[in-house]
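Chains, contacts and geometry: an overview
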Amino acid sequence: MDTILDKYGILVCCVIVFLAGTSFAGPWPAPYKRYTVRPQSNPFCNAGVISFCPTGEPDNIMPEFNPGDAIEIYALKKPVWQFKFGDVLGKLNIMHDALGFKNLNTGMNYTMEWYELFQLMNCTFAHVLKNETIQWCNQGAVCIYPGIKDRLWSENGTLAKIATTTGSVFNSFSDWVLWDNRTGLFYETWTMGILGLSLFDCASWVIRALDKFGRLGVTFNQSVHLNYTKINLYSDQPEYLGTSAEVFDKSANKTMQASATNIVKFYSKFQSQKKWEDLAIEIIEDLYEIFEKNEPFYLYYNDAYWLLNLTSPIAKLTYEESPLPKPGRIDNKLYFENRFP
């Protein structure tokens, strides 16, 4: 069964953060959930026109450098949908982020980026099936592939050298990448911008990666300033509804069944057979209607559902700096992550 969310793939990295009141109860705030094993993708899920990592390295394989090699690290940014719209979204500071690596000894270059296995629309909006159930296709992963397309990143974005390290440090970093990739599985478009919670998208992966390099002793060029797109949505304290299994349990109580009905109704707004250009406009219109009418918003996070009551000013786009790590100090204003190896 194909829907527009399968057929028209869109690579987007746009952080969307919820800001809430300061009083919390129950299971919120909820740190991003780590897993021990990456589950098999449901055969229903499809990456669409742009397959995931088509020229990348095989699963769980990272390049290994000689310990003494000199490795340059580059920050890479380009406008979202540049392949289709050029710098249009770049003018709005809506950017996709990645890292580049140049081995000065071997001449080998690599690009590394974390993004959606099944494209952004699948990660943001659930599929509503004919039996009125929900199917999510929201895994994300690292893609590493040979080469750095200098013009692609520098033409409308950023290609900036931020550090030089050794092959030994890069190999240790590779171990972290494999760990992060095995345990951080799900792309989170919508989340809460509260200390202790984690965003999971291309930008937050880059920041986690730079954090790891900092912990490994890499010294960064502090004259380089890197900003990241963030769309803030404002809400009262989220109301926890239950895990996916609990909400859609056929033997659940009437309250839980009502939640399931409302969730299906909410995500039904975002099903379409239109071309992806028209779909993007339609989704923006649907979201605007939700915001304008102050309708409930159903957030899916950590395999559970939360009811959000959006409050003024509803939404705000920012493009703020996340400083590069400094020796002996990890300081990040935009993203927060549970301690990792």
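Under an unreviewed UniProt entry, the name given to the protein chain is Bis(monoacylglycero)phosphate synthase CLN5, and the organism recorded is Mytilus edulis. Under the Sequence similarities (unreviewed entry) heading, UniProt states for the protein chain: "Belongs to the CLN5 family."

Along the protein chain, the regular secondary structure elements total nine helices and 14 strands. When each of the 341 residues of the protein chain is scored for burial, the buried share is 54%. Taken as a whole, the protein chain presents about 15400 Å² of accessible surface, with 53% of it coming from carbon and sulfur.

With the rule as written, the count across this model stands at two disulfides. Between the sulfur atoms of Cys45 and its disulfide partner Cys137 the distance amounts to 2.0 Å. The disulfide joining Cys45 to Cys137 has a torsion of about -80° about its S-S bond and is therefore left-handed. Here the residue Cys45 occupies a position in the loop between strand S1 (15–19) and strand S2 (70–79), and Cys137 occupies one in the loop between strand S6 (134–135) and strand S7 (140–146), the gap between them amounting to 92 residues. Note on Cys45: relative accessible area 11%, which makes it buried. Using a relative accessible area of 1% as the deciding quantity, one classes Cys137 as buried. In this structure Cys123 is a free cysteine whose sulfur lies 8.6 Å from that of Cys137, the closest cysteine sulfur available.

Time to look at the sheet that holds strand S8 (residues 158–166). With antiparallel pairing, five strands are arranged side by side in an open sheet as S7-S4-S3-S2-S8. In this open sheet, the two strands that pair with only one neighbour each are S7 and S8. The sheet shows a mean angle of 25° between the axes of neighbouring strands, taken without regard to direction. Running over the sheet, helix H5 (residues 167–183) touches S2, strand S3 (95–103), strand S4 (109–116), S7 and S8 and is turned about 115° from S8.

The next subject is the sheet that holds strand S12 (residues 297–301). A sheet is described by the order of its strands in space; here three strands give the open sequence S11-S13-S12, paired in antiparallel fashion. A single partner strand is all that each edge strand has here, and the edge strands are strand S11 (239–243) and S12. Here the strands of the sheet are splayed against their neighbours by 25° on average, with no regard to which way each runs. Looking at chain direction, S12 and strand S13 (residues 304–308) are connected through five bridges and run antiparallel. Each residue of the ladder has a partner; that of Tyr301, found in S13, is Ala304. Contacts between helix H8 (residues 254–268) and the sheet are confined to S11, S12 and S13, with S12 contributing the most and set at about 100° to the helix.

Looking down a regular strand, the side chains alternate between one sheet face and the other. Strand S10 (residues 227–235) sits mainly inside the fold: seven of its nine residues count as buried. Two strands pair when backbone bridges link them, and S10 and strand S14 (residues 310–321) are joined in this way by eight bridges, in the antiparallel orientation. Its bridge partner being in S14, Ile231 is matched across the sheet by Leu317.

It is worth spelling out the side chain of Asn302 at this point. Positionally, Asn302 belongs in the loop between S12 and S13. Looking at Asn302, its side chain comes within polar contact range of the main-chain nitrogen of Lys33, at 3.0 Å. The residues touching Asn302, leaving out its near neighbours within four places in the chain, are Ala30, Pro31, Tyr32, Lys33 and Glu188.

This part is about H8. The terminal C-alpha atoms of H8, which comprises 15 residues, lie 21 Å apart, in line with the 21 Å expected from a rise of 1.5 Å per residue. With a side-chain oxygen positioned 3.2 Å from the backbone nitrogen of Thr255, the residue opening H8 is Asn253.

Looking at where Tyr301 falls in the secondary structure, it is placed in strand S12. For Tyr301, a relative accessible area of 0% translates into the label buried. It is 9.1 Å that separates the C-alpha atoms of Tyr301 and Phe186, two residues lying 115 residues apart in sequence. Here the side chain of Tyr301 touches Tyr32 through a polar contact of 3.2 Å, landing on its backbone nitrogen.

Definitions and cut-offs
- Residues numbered from 1 in each chain as written.
- Predicted model: local features only at pLDDT ≥ 70, side-chain atom pairs only at ≥ 80, totals over all residues.
- Heavy atoms only, no water.
- UniProt positions renumbered as here; feature names shortened; annotations may be inferred.
- Helix = DSSP H or I, 4+ residues; strand = E, 2+ residues; numbered from the N terminus.
- Buried < 20%, exposed > 50% of the residue type's maximum accessible area, 1.4 Å probe, protein only.
- Areas by Shrake-Rupley, 256 points an atom, 1.4 Å probe, with all protein chains shown as cover.
- Disulfide = S-S within 2.5 Å.
- Pairing = 2+ DSSP bridges.
- Axes fitted to C-alpha atoms, helices over the stretch in contact; angles between N-to-C directions.
- Contact = heavy atoms within 4.5 Å.
- Polar contact = N/O pair within 3.5 Å; in protein donor to acceptor, adjacent residues only side chain to side chain.
- Expected span 1.5 Å × (residues − 1).

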